[in-house]
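Understanding the architecture of this molecule
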Amino acid sequence: MSIEIDVVNGDASWAAVEALLDEVWPPHLLKTLPWGEVVFAHADLRVLLRAETGDLACHVGVFRRAIIWNGRKMRAGGIGGVATREAFRRRGYASIALEAAVQTLRDEGSIDFALLFCDPHNAPFYEGRGWKPFDGEIYAEQAEERARFTAIAPYVYDLKRAPRRGTIDLCGLPW
Ligand SMILES: CC(C)(COP(=O)(O)OP(=O)(O)OC[C@H]1O[C@@H](n2cnc3c(N)ncnc32)[C@H](O)[C@@H]1OP(=O)(O)O)[C@@H](O)C(=O)NCCC(=O)NCCS
């Protein structure tokens, strides 16, 4: 048997994913994180990677959003909830699932760039996979208001566009 990768509907697959995300980010750990209280959007799609054993080992959430970058409407692809269960780490699973997520966004043809948010200790992981820091300001909805979003650092994956600076308004909840 080999690993299996599926790209599935975000809501329909939630039941399968919830336990994995709870294991990776249990409530006591979430409380300690700078983004632990943030309300995030629900993923439109999810990349699910099953190990040879059949266990769900890794998850990547995929989002699509009409955003505004420096006053111009664009289509961003979002990546969030990148998580591998501890017992399955350092086998390349997150790298494979992330690549599948980016390919899914690329295949849509209409996505200008991909955007994710990550804690400083994970930045080398993403930078090693072609993601670049976005050195501007992010605005997002939180508590039904538009506000500057600074809880986690933004990273961009270039598709048609390569935003590095300025202002990105997520025009909704962060991911
Ligand atoms: C960050 C995280 C998703 C990485 O998952 P993973 O499946 O272990 O990732 P990979 O195996 O693809 O890569 C991890 C590292 O293992 C290395 N690696 C990959 N395959 C390997 C193998 N067979 N043997 C040894 N090391 C390996 C990779 O090179 C990588 O190291 P690098 O970043 O220095 O290049 C995982 O540690 C995790 O879930 N952390 C907690 C949640 C979290 O922080 N998520 C990110 C939110 S932004």
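Reading the values: rules and limits
Along each chain, residue indices are assigned from 1 in the same order as the chain's sequence is written. A pLDDT threshold of at least 70 governs which residues receive local features in this predicted model, and a stricter bar of 80 or more applies before side-chain atom pairs are shown or counted, although totals over entire chains, interfaces and linings include all residues. Based on all heavy atoms of the structure, the side-chain values leave hydrogens and waters out of the count. Secondary structure is summarised from DSSP: a helix means a run of H or I of at least four residues, a strand means a run of E of at least two, and numbering begins at the N terminus for each. Relative accessibility decides the category of a residue: with a 1.4 Å probe and only protein chains considered, values under 20% of the type maximum give buried, values over 50% give exposed, and everything between is partly exposed. If a single non-hydrogen atom of a residue is within 4 Å of a molecule or strand, that residue counts as near it. Under this definition, polar contacts are N or O atom pairs within 3.5 Å; protein pairs additionally need one hydrogen-donor-capable and one acceptor-capable atom, and for neighbouring residues in sequence, both atoms have to be side-chain atoms. Throughout, the Shrake-Rupley method with a 1.4 Å probe supplies accessible areas, and for residues the shown protein chains are the sole cover considered. Think of it as three bins: nonpolar holds Ala, Val, Leu, Ile, Met, Phe, Trp, Tyr, Cys and Pro, charged holds Asp, Glu, Lys and Arg, and polar takes everything else, Gly as well. When checking whether two residues touch, look at their non-hydrogen atoms; a contact exists if any pair is within 4.5 Å. Following DSSP output, two strands are said to pair if at least two bridges run between them. Classification remark: right-handed applies to a crossover when, strands pointing away from the viewer, the course from the first strand over the helix to the second runs clockwise. A helix is expected to reach a length of 1.5 Å times the quantity of its residues less one. Disulfide: a pair of cysteine sulfur atoms within 2.5 Å of each other. Each C-beta atom gives one direction from the helix axis, and the arc is the one those directions make.

A word on the overall build of the chain. Check the secondary structure of the chain and you find four helices and 10 strands. Counting helices and strands in the order they occur from the N terminus, the chain gives β-α-α-β-β-β-α-β-α-β-β-β-β-β. On the principal axes, the C-alpha backbone points of the chain span a range of 50 × 35 × 30 Å. For the chain, the residues scored as buried account for 44% of the 175 residues in total.

What follows deals with the site of the ligand. Taken together, 18 residues are adjacent to the ligand, and Val82, Thr84, Arg90, Gly92 and Ser95 come closest. Backbone polar atom of Arg90 to an oxygen atom of the ligand: 2.8 Å apart, as the coordinates give it. Side-chain polar atom of Arg129 to an oxygen atom of the ligand: 3.3 Å apart, as the coordinates give it. Protein coverage of the free-state accessible area of the ligand, which is 930 Å², stands at 67%. Those elements that provide at least two residues to the shell around the ligand are β4 (72–84), α3 (93–108), β5 (113–118) and α4 (123–127). For the shell around the ligand, the per-class residue count stands at 10 nonpolar, four polar and four charged.

So, on to the environment of Asn70. Inspection of the secondary structure assignment puts Asn70 in the loop between β3 (56–69) and β4. The class of Asn70 is partly exposed, set by a relative accessible area of 43%. Between the alpha carbons of Asn70 and Gly130 there is a distance of 23 Å; along the sequence they are 60 residues apart. Those residues in contact with Asn70 that lie beyond four places of it in its chain are Arg165, Gly166 and Thr167. Among the polar contacts listed, one links the side chain of Asn70 to the backbone nitrogen of Thr167, at a separation of 2.8 Å.

Inspection of the sheet shows β3 paired to β4 by 11 bridges, in the antiparallel sense. Paired with Trp69 across the bridge in β4 is Arg72. With four bridges joining them, β4 and β5 adopt parallel strand pairing. If you follow Gly78 over to β5, its bridge partner there is Leu115. Crossover handedness for the path β4 to α3 to β5: right-handed.

Taking 1.5 Å per residue, 16 residues should reach 22 Å; α3 reaches 23 Å between its end C-alpha atoms and fits that length. Looking only at α3, the buried set comprises Tyr93, Ala94, Ala97, Leu98, Ala100, Ala101, Val102, Thr104 and Leu105. Among the residues trailing α3, Gly109 stands out with phi positive, at a value near 80 degrees.

Okay, the state of the cysteines next. According to the stated counting rule, one finds zero disulfides in the structure shown. Free cysteine Cys58: the closest other cysteine sulfur is in Cys118, separated by 15 Å.

Before going further, it helps to examine helix α1 (residues 14–24). The set of residues buried in α1 consists of Val17, Leu20, Leu21 and Val24. For α1, the arc enclosing every buried residue in end-on projection is 100 degrees, short of the 170-degree limit, so these residues lie on one face. Pointing more than 90 degrees away from the buried face of α1 are the exposed residues Ala15 and Ala19. Structurally, α1 contributes buried residues whose contacts are with α2 (27–30), β2 (45–50), β3 and β4.

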